[in-house]
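As a plain string of letters, each chain reads:
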Amino acid sequence: MQYFIIAPEQIDYTAALPASKSISNRALAINYLAKSGATPTNLSKCDDTDVMVSALANMPYEIDIKAAGTAMRFTTALLCVGEGEHVITGTERMRHRPIGVLVDALRRLGADIEYVGEEGFPPLRIRGRKLSGGWLEMPGDVSSQYISALLMIGPAMADGLTLHMTGTVFSRPYIDLTVCTMKEFGAEVEWTDNSTIRVEAKPYAPTSFVIENDWSAASYWYEMTALLNKKYGSEACRVMMPGLMDSSRQGDSTVRYIFSMLGVKTEFSDKTKQFEPSTVTLTAHHRALPRFDFDFTGQPDLAQTVVVTTALMGIPFRFSGLQTLRIKETDRIAALKNEMKKLGFVLDDSVEGTLSWDGTRCEPMQTPVIDTYEDHRMAMAFAPAAIMFPTLRINNPGVVTKSYPDFWKQMKAAGFEIWQKL
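Remember, it's a predicted structure, so these values are computed and weren't measured experimentally. (Residues numbered from 1 in each chain as written. Predicted model: local features only at pLDDT ≥ 70, side-chain atom pairs only at ≥ 80, totals over all residues. Heavy atoms only, no water.)

What to know about the overall build of the chain
Phase 1 of the analysis: For the chain, the helix and strand inventory stands at twelve helices and 19 strands.
Phase 2 of the analysis: In terms of overall size, the chain behaves like a compact globule, its C-alpha atoms giving a radius of gyration of 21 Å where 422 residues would be expected to give roughly 22 Å.
Phase 3 of the analysis: C-alpha extents for the chain along the principal axes are approximately 60 × 50 × 40 Å.
Phase 4 of the analysis: Classification of the 422 residues of the chain by burial places 59% in the buried group.
Phase 5 of the analysis: Contacts in the chain between residues at least 24 apart in sequence constitute 73% of all its contacts with a sequence separation of at least 6.
Phase 6 of the analysis: Total accessible area computed for the chain in this model is approximately 16,300 Å², and 49% of it derives from carbon and sulfur atoms. (Helix = DSSP H or I, 4+ residues; strand = E, 2+ residues; numbered from the N terminus. Rg over C-alpha atoms; globule rule 2.2 N^0.38 Å. Buried < 20%, exposed > 50% of the residue type's maximum accessible area, 1.4 Å probe, protein only. Contact = heavy atoms within 4.5 Å. Areas by Shrake-Rupley, 256 points an atom, 1.4 Å probe, with all protein chains shown as cover.)

Rendered as structure tokens:
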């Protein structure tokens, strides 16, 4: 399937964002260990969360996690401290996403795991048992999902868990999000120094937990605001987004600071309630930025959105901290290079973990057709580019169900014309 997108010249819209997928999956994992009869409120209604809800509710012998990377990592750890024997698998792409770092760490803690197929990759056969826990050292520059998976099962271990991370700690905001969610369920967990976290052997307590909306999903509306401002001026866009928290622990809440440098102003409806959901209003203002350099170590999921926005605004950039993008739903660095070239932008990835653009252009496709690589964020990051490229088309647009099922429906409601071609 292919979508042909025609953008409006003006947007005045209230976007009902999905709940945070990151918080939903953490809350589900912890809630399962807490043996709570209740389900967290305002769960994300997307593929990644749905597969985890199903897995934890039914616990079949073979658990198909499909394309949900977070669910694969978290559920693998949960099965190690659970009961019975299970095989966990996923899509073809998932069976080629590495998981050896997590498996090795769990084995050092006493977990019974074996590879069903290729060494270092799913599927995995896991036999649950009581783990002793204790001291564990691992690199800090791995996916934060590995670290979060280990932390969340810490309270279920006999001696708790002391996790020491060596080198640079990537995606620290996601680790902090895990720690804060654990505390909400009564866990005793603290950073003891800049690279070590201690989790006590204290069981989780059942609790009522409400999930805030998703700052990652908000990023695409920031992109639309910035591009409409660039093309039509500051009066062209106003977007309201309920359910976002000013003091959010989501790493992607940094989007409001990033886009403030790209001409987008963020205003909360009630500034006195930083720890409660509020309505955010996006408006545009003039901002002439000659160049943009940023380290995405703490928020790599924003990279695609910011790359597309910044290039289309004609702003040269150098974005670092992108090492983990190679092992996401696709190789996102390679995908960005390929698809941005279709729009006439030549990106450079010669320095590992860095993507830059010095202003070099090439001839764009007359009718750009964007491939999405089975990656929801490729579809959503490139869709607003229709503001600058009126003939833009998106292949396999259904991938957005992974995190934002109503994305296309809401774009239409905001004024975009979207035509389907089978």
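A word on the sheet that holds strand β9 (residues 189–193)
Pairing between the strands of a sheet is mediated by backbone hydrogen bonds and can be parallel or antiparallel.
Phase 1 of the analysis: Across the sheet, which stays open at both edges, the four strands sit in the order β7-β8-β10-β9 with mixed pairing between neighbours. Two strands close off the open sheet at either side, each with one partner strand: β7 (134–139) and β9. Ignoring strand direction, the axes of neighbouring strands in this sheet form an average angle of 20 degrees.
Phase 2 of the analysis: Direction of pairing for β7 relative to strand β8 (residues 161–166): parallel, over a ladder of six bridges. Looking at the pairing, Gly-134 lines up with Leu-161 of β8.
Phase 3 of the analysis: Contacts from helix α5 (residues 144–152) reach β7, β8 and β10 (196–199), with the element oriented near 165 degrees to β8. (Pairing = 2+ DSSP bridges. Axes fitted to C-alpha atoms, helices over the stretch in contact; angles between N-to-C directions.)

Details of the packing of α5 against helix α6 (residues 172–184)
Phase 1 of the analysis: One can describe the packing of α5 onto α6 by two numbers: an axis separation of 9 Å at closest approach and a directional angle of 20 degrees. The angle between α5 and α6 places the two elements in the roughly parallel class. The element α5 and its partner α6 pack so that their crossing is right-handed. Judged by residue contacts, Ser-144, Ile-147, Ser-148, Leu-151 and Met-152 of α5 engage Tyr-174, Ile-175, Thr-178, Val-179 and Met-182 from α6.
Phase 2 of the analysis: For the contact of α5 with α6, the class distribution of residues is seven nonpolar, three polar and no charged. (Parallel < 35°, antiparallel > 145°, perpendicular 65-115°, else oblique. Left-handed = near helix turned anticlockwise from the far one by under 90°. Nonpolar A, V, L, I, M, F, W, Y, C, P; charged D, E, K, R; others polar.)

A look at empty space enclosed by the protein
Phase 1 of the analysis: Scanning all chains against the criterion turns up five cavities of 30 Å³ or more.
Phase 2 of the analysis: Of the volumes computed, that of the largest cavity is approximately 250 Å³.
Phase 3 of the analysis: Considering the residues around the largest cavity, the lining is formed by 21 residues, among which Thr-70, Gln-145, Tyr-174, Asp-301 and Lys-328 are closest to the centre.
Phase 4 of the analysis: Here the element with the most residues in the lining of the largest cavity is helix α1 (residues 21–33); it accounts for three residues. (1 Å grid on protein atoms, 1.4 Å probe; cavity = no way out; pocket = protein on both sides within 12 Å on 5 of 7 lines; lining within 4 Å. Points joined across faces, edges and corners; volume = space filled by probe spheres on them.)

Quick look at the nonpolar core
Phase 1 of the analysis: Ranked by internal contacts, the top residues of the largest apolar core, which has 77 residues, are Trp-221, Met-241 and Trp-408.
Phase 2 of the analysis: When residues in this core are grouped by element, the largest group, ten residues, is from helix α7 (residues 215–232).
Phase 3 of the analysis: Residues within four places of Met-241 in sequence aside, it is in contact with Ala-15, Leu-17, Ala-218, Trp-221, Tyr-222, Ser-278, Thr-279, Val-280 and Leu-282.
Phase 4 of the analysis: Counting 66 residues, the second-largest nonpolar core is a separate cluster that includes Ala-68, Ala-149, Met-157 and Met-182. (Core = buried A, V, L, I, M, F, W, Y, C linked by side-chain atoms within 4.5 Å.)

Thoughts on the pairing of strand β13 (residues 278–284)
Phase 1 of the analysis: Bridge analysis of strand β11 (residues 237–244) against β13 gives four bridges, and the strand direction is antiparallel. Following the sheet pairing, Leu-244 is matched in β13 by Ser-278.
Phase 2 of the analysis: With five bridges joining them, strand β12 (residues 264–268) and β13 adopt antiparallel strand pairing. Paired with Val-264 across the bridge in β13 is Ala-284.

Focus on the pattern of salt bridges
Phase 1 of the analysis: Taken as a whole, this structure holds 27 salt bridges when the rule is applied.
Phase 2 of the analysis: Here Arg-332 makes a salt bridge to Glu-329, at a shortest N to O gap of 2.8 Å. When sorted by exposure, Arg-332 lands in the same class as Glu-329, which is buried.
Phase 3 of the analysis: When the shortest N-O distance is used, the salt bridge between Asp-371 and Lys-342 registers 3.0 Å. Note that Asp-371 is positioned in the loop between β17 (369–370) and α11 (376–382) and Lys-342 in helix α10 (residues 332–342), a separation of 29 residues in sequence.
Phase 4 of the analysis: The class of Lys-342 is buried, set by a relative accessible area of 16%.
Phase 5 of the analysis: Each of Lys-21, Asp-48, Asp-301, Lys-328, Glu-329, Arg-332, Asp-375, Arg-377 and Lys-402 takes part in salt bridges that share partners, so that together they form one network. (Salt bridge = Lys/Arg side-chain N within 4 Å of Asp/Glu carboxyl O.)

Here's the deal with the side chain of Arg-26
Phase 1 of the analysis: The residue Arg-26 is located in helix α1 in this model.
Phase 2 of the analysis: Here Arg-26 sits buried without a salt bridge, and the closest side chain of opposite charge, Asp-301, lies 8.7 Å off (N-O distance).
Phase 3 of the analysis: For Arg-26, the side chain forms a polar contact with the main-chain oxygen of Tyr-174, separated by 3.5 Å.
Phase 4 of the analysis: Arg-26 has contacts with Phe-74, Ser-148, Met-152, Tyr-174, Leu-177, Thr-178 and Thr-181, leaving out every residue within four places of it along the chain. (Lys, Arg positive; Asp, Glu negative; His and termini not counted. Polar contact = N/O pair within 3.5 Å; in protein donor to acceptor, adjacent residues only side chain to side chain.)

As for the pairing of β10
Phase 1 of the analysis: Where β8 meets β10, four bridges bridge the pair, whose relative direction is antiparallel. Following the sheet pairing, Thr-162 is matched in β10 by Arg-198.
Phase 2 of the analysis: Where β9 lies against β10, four bridges are found, and the strand directions are antiparallel. Bridging from a neighbouring strand, Asp-193 pairs with Thr-196 of β10.
Phase 3 of the analysis: Here β9 folds back onto β10 in antiparallel fashion, the turn holding two residues.

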